[in-house]
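Structure assessment
These are the residues of each chain, in order.
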Amino acid sequence: MTLIKDGYFSQTELAQLPGMPSRERLHEGPCVVIECAQQIPCDPCEAACHEGAIEIGDSIINLPKLDPSKCGGCGLCIAACPGQCLFVVDMTYSDTEGTVQFPYEFLPYPQKGDTVHGLNRGGDIVCDAEVLKVLHPKKFDHTAVITVSVPKEYAMEVRTIKIKGNHHG
Amino acid sequence: MNHVELAIIGAGPAGLSAAIEAASVGVQTIVFDENQQAGGQLFKQIHKFFGSRAHQAGARGIDIGKNLLGQVAASGAEIKLDTVVWGIFEGNKVGVVTNGRNVICKADRILLATGASENVLAFPGWTLPGVMGAGAIQTMVNVHRVLPGKRVLMIGSGNVGLIVSYQLLQAGAEVVALVEAMDRIGGYAVHASKIKRAGTPILIRHTIKEAVGNGKVEQATIVQLNDNGNVIEGTERTLDVDVICMACGLSPLAELAWLAGCRFTDVAPLGGLLPVHDDNMQTSLPGMYVAGDIAGIEEASTAIEEGRLAGIAIAESLGYLTTTDATVKKQAVNDRSEQLRDGPFGITRREAKETLIRRSLET
Amino acid sequence: MRITQHPILGKRDKQQYVKIICDGQPIEAIAGEPIAAALMAAGKTIFRYTRKKKDPRGVFCAIGQCTECMMTVDGIPNVRTCITPVQDGMNVQTQHGLGQVKANP
Ligand SMILES: Cc1cc2nc3c(=O)[nH]c(=O)nc-3n(C[C@H](O)[C@H](O)[C@H](O)COP(=O)(O)OP(=O)(O)OC[C@H]3O[C@@H](n4cnc5c(N)ncnc54)[C@H](O)[C@@H]3O)c2cc1C
Ligand code: SF4
Ligand code: SF4
Ligand code: FES
């Protein structure tokens, strides 16, 4: 499974990204996970983070580099990313569950409290997810940002949801 | 309309950007487009664009389009819609049909910004209703808000195929599969990942074998290819679909440049045969310029920069900008273009552009 | 099929509706939209049949380039329906071959 053949990352590819927080960091509190791998000319993520946690640098084709110590996991960068490849993961949500915050541009939006399918990067249903928050303020420009809780072992797997009974995520 | 300083053919991002640069410094400018709406492809692009702040990154194509139209209105350029340009003749004469009337407009400078045409893949059944180009689907879904079908087979994994698949999902259709003959996804991985995680199968080394149906598409048979690109017998699969969308690449729409007698060259990474142009976007014919997809298939953001470059160069050549002012403006545009033509995807286009410009100097 | 709600485009502004007749059937259309959009929204797929082989054809490019969507409109054959706006009371007919100009449709 590789990005350019299947459309999603192998674990090895993921681990090599400069936007990937370490396992240890993820267990300390919420943090952004930047799944941007291809040096495309793009940089809105850098300006979107007021904490200076994401750095692109002089050339806009540089991959976004994460300073995990500066990221508080606020999620404000998610809707700013045209590639929809920023996610915030919180492994400290409860003893057994973590949360995933992700961009979502489909209707209908799920409602807070709904139980939905959690889908991995390959589009497979891997677990149930509970919807905790659905944000779509005007400044997100029609990209909703949704937070779900999932069993901890799936927090680095689940990247979108599917409402039960709907045919796509 | 019998005489203008600058006639621009095509009101896409390239033509509009050129109009803004030229008209805002005083060039008397008219833009012709056969469409009923200005904006070219931009009003079909409802996704957020890449780039940097200087390229309006993060804004959706439709909003970038609205912004350009506002700037055109402020610049004083005139846009004539529903107006087809059918020929260009000696002495910089432009043949247009507007309001059912044939008019010849003489222009001191001409900019061809006609965009691209879509490549067609012929397979058994490809003329059945329901087989549509990606641009047609985008027009129907995003502009007219009509869904041509519910179950779609997408052909091609370039950015257009990936983006249109996503837009179909957003409109409520299902993309049953996306097939790609190459052994890798052609477009950006972030676009691929969006549809992949939403459940769309992306099948590389696959193609369509045939479409069948009674009066319209009802089924498509897809088949796997080996590493030489040949069909692997026995791998046929039949899918129930009501739409087949072709996203098999674009070619510069350059008939007018042919008619006018521009010198052409073949640059594969930019979409094949296209008119040569220099670093002012001027073709081999003095006074005749090109910008956007006609000058090489790229993206809306690069089309905007090329249009600006042409507009500045034209204003300079007509004496509306001093060489010093024009040089500063061109440098700013070139810096932004260079940023866009960088990285593993952009660098081949940058090299191809350099080749194109070099060839314009050969005689 | 019309897209009534859309995550990016939102709800449609209030539209004015007109009526057109397609092969004798009344069809509701949105003022200003191309004929082809109205027909497609109503589920029509075959716009014409080719002259020799009588093969069905429908919208292919939607921007006036391919001529696949040509129909007979108010008695005038070969009208590209994807770029011709609807008008109230318009009479649209599936075209067979090159179509025929009729003085009194
Ligand atoms: C289906 C499709 C999808 C695309 N998707 C994307 C995307 O998602 N993102 C992206 O960055 N790029 C995309 N592109 C690439 C796109 O072509 C460029 O982004 C950009 O629109 C090119 O700008 P342009 O001004 O050169 O051409 P266009 O935007 O195509 O504008 C050309 C204009 O010229 C007019 N015209 C042509 N010939 C004549 C004539 N003889 N007389 C009068 N008017 C004429 C046309 O009506 C049109 O309005 C897509 C292209 C296509 C075809
Ligand atoms: S989640 Fe908040 S703090 Fe972390 S990178 Fe994004 S914007 Fe910055
Ligand atoms: S905004 Fe998104 S796509 Fe663009 S560079 Fe940042 S992470 Fe990558
Ligand atoms: S669909 Fe191609 S001309 Fe109408």
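Remember, it's a predicted structure, so these values are computed and weren't measured experimentally. (Residues numbered from 1 in each chain as written. Chains lettered and ligands numbered in written order. Predicted model: local features only at pLDDT ≥ 70, side-chain atom pairs only at ≥ 80, totals over all residues. Heavy atoms only, no water.)

Some points on the overall build of chain A
Looking only at helices and strands, chain A has 4 helices and 9 strands in total. In chain A, the succession of α and β elements from N to C terminus is α-α-α-β-α-β-β-β-β-β-β-β-β. Relative to the 2.2 N^0.38 estimate, which gives 15 Å for 169 residues, the radius of gyration of chain A is 15 Å and therefore close to what a compact globule would have. With the C-alpha coordinates aligned to their principal axes, the bounding extent of chain A is approximately 45 × 35 × 35 Å. Within chain A, buried positions represent 57% of all 169 residues. Taking contacts inside chain A between residues at least 6 apart in sequence as the whole, the part at least 24 apart equals 57%. Entry remark: accessible area of chain A is about 7200 Å², with carbon and sulfur atoms responsible for 50%. Separation of charge centres in chain A, based on 14 positive and 22 negative side chains, amounts to 3 Å. (Helix = DSSP H or I, 4+ residues; strand = E, 2+ residues; numbered from the N terminus. Rg over C-alpha atoms; globule rule 2.2 N^0.38 Å. Buried < 20%, exposed > 50% of the residue type's maximum accessible area, 1.4 Å probe, protein only. Contact = heavy atoms within 4.5 Å. Areas by Shrake-Rupley, 256 points an atom, 1.4 Å probe, with all protein chains shown as cover. Lys, Arg positive; Asp, Glu negative; His and termini not counted. Charge placed at Lys NZ, Arg CZ, Asp CG, Glu CD.)

Notes on the site of ligand 2
Lining the immediate environment of ligand 2, one finds A:Val32, A:Cys49, A:Glu51, A:Ala53, A:Ile54, A:Cys71, A:Gly72, A:Gly73, A:Cys74, A:Gly75, A:Cys77 and A:Val88. Split by residue class, the shell around ligand 2 holds 8 nonpolar, 3 polar and 1 charged. (Near = heavy atom within 4 Å. Nonpolar A, V, L, I, M, F, W, Y, C, P; charged D, E, K, R; others polar.)

What about the site of ligand 3?
Residues in close proximity to ligand 3 include A:Ile34, A:Cys36, A:Cys42, A:Pro44, A:Cys45, A:Ile56, A:Pro64, A:Cys81, A:Pro82, A:Gly83, A:Cys85 and A:Leu86, which together make up its full environment. Of the residues contributing to the shell around ligand 3, the split by class is 11 nonpolar, 1 polar and no charged.

A look at the interface of chain A and chain B
Each partner contributes to the interface: chain A provides 40 residues, whereas chain B provides 38 residues. Buried area between chain A and chain B, summed over both chains or domains, comes out near 3300 Å², and the portion from carbon and sulfur atoms is 54%. Here chain A is connected to chain B by 3 salt bridges. The closest approach of N and O atoms between B:Arg60 and A:Asp141, which form a salt bridge, is 3.6 Å. (Buried area = accessible area lost by both parts, 1.4 Å probe. Salt bridge = Lys/Arg side-chain N within 4 Å of Asp/Glu carboxyl O.)

Overview of the environment of B:Ala247
Here B:Ala247 shows up in the loop between β15 (243-246) and β16 (250-252). Among residues more than four places away in sequence, those in contact with B:Ala247 are B:Ala134, B:Met154, B:Ile155, B:Gly156, B:Val160 and B:Gly161.

Digging into the sheet that holds strand β14 (residues 237-240) of chain B
All names here are of chain B. Across the sheet, which stays open at both edges, the 3 strands sit in the order β12-β13-β14 with antiparallel pairing between neighbours. This sheet does not close on itself; its edge strands, each paired only once, are β12 (206-212) and β14. Between one strand axis and the next, the sheet turns through 30 degrees on average, direction left out of account. Examined bridge by bridge, β12 and strand β13 (residues 219-224) share 6 bridges and lie antiparallel to one another. Along β13, the bridge assignment pairs isoleucine 208 with isoleucine 222. (Pairing = 2+ DSSP bridges. Axes fitted to C-alpha atoms, helices over the stretch in contact; angles between N-to-C directions.)

Thoughts on the interface of chain C and chain A
Interface size is commonly expressed as the accessible area that is lost once the parts come together. Between chain C and chain A, the residue contacts involve 4 residues of the former and 5 residues of the latter. At the boundary of chain C with chain A, total buried surface from both sides reaches about 440 Å², with 66% on carbon and sulfur atoms. For chain C, the biggest contributors to the area lost against chain A are C:Gln5, C:Pro7 and C:Ile8; these three give 94% of the whole. Linking chain C with chain A are 0 salt bridges, by the criterion used here. Seen at the junction of chain C and chain A, the total is 1 residue pair in polar contact (both at pLDDT 80 or more). (Polar contact = N/O pair within 3.5 Å; in protein donor to acceptor, adjacent residues only side chain to side chain.)

Some points on the sheet that holds strand β2 (residues 25-30) of chain C
Residue and element names in this part refer to chain C. Within the open sheet, the 5 strands sit side by side as β2-β1-β7-β5-β6. Their pairing is mixed. Because the sheet does not close on itself, it has two edges, and the strands there are β2 and β6 (76-80). Direction aside, neighbouring strands of the sheet carry axes that sit 40 degrees apart on average. Both strand β1 (residues 17-22) and strand β7 (residues 91-93) contribute to a ladder of 2 bridges, which runs parallel.

Concerning helix α8 (residues 323-340) of chain B
Taking 1.5 Å of rise per residue, the 18 residues of α8(B) would be expected to cover 26 Å, and the 25 Å separating its terminal C-alpha atoms lies within 8% of that figure. At its buried positions, α8(B) is contacted by α7 (300-317) and α9 (343-361) of chain B. (Expected span 1.5 Å × (residues − 1).)

Section: the packing of α7(B) against α8(B)
Residue and element names in this part refer to chain B. Relative orientation of the contacting elements α7 and α8 amounts to 165 degrees, with a least axis distance of 10 Å. As the angle between them shows, α7 and α8 are arranged roughly antiparallel. When you trace α7 past α8, the crossing you get is left-handed. Contacts between α7 and α8 pair Ser301, Thr302, Glu305, Arg308, Leu309, Ile312, Ala313 and Glu316 from the former with Thr323, Ala326, Lys329, Lys330, Val333, Asn334, Arg336, Ser337 and Leu340 from the latter. Residue classes in the contact of α7 with α8 are distributed as 6 nonpolar, 5 polar and 6 charged. (Parallel < 35°, antiparallel > 145°, perpendicular 65-115°, else oblique. Left-handed = near helix turned anticlockwise from the far one by under 90°.)

Concerning a negative patch on the surface
Taken together, B:Asp335, B:Glu338, B:Glu351 and B:Glu354 make up a surface patch of like negative charges. Contributing elements (two or more residues each) for the negative patch: α8 and α9 of chain B. (Patch = residues over 30% accessible without salt bridge, like charges linked within 9 Å, V, L, I, M, F, W, Y side chains within 5 Å.)

Some points on the nonpolar core
Formed by 108 residues in total, the largest nonpolar core has its most connected members in A:Val148, B:Leu168, C:Leu39 and C:Val59. At 7 residues, the largest contribution of residues to this core is made by helix α1 (residues 35-41) of chain C. With 58 residues, the next largest nonpolar core counts B:Ala22, B:Val31, B:Ala107 and B:Ile304 among its residues. (Core = buried A, V, L, I, M, F, W, Y, C linked by side-chain atoms within 4.5 Å.)

Worth remembering: the numbers are spatial, not functional.
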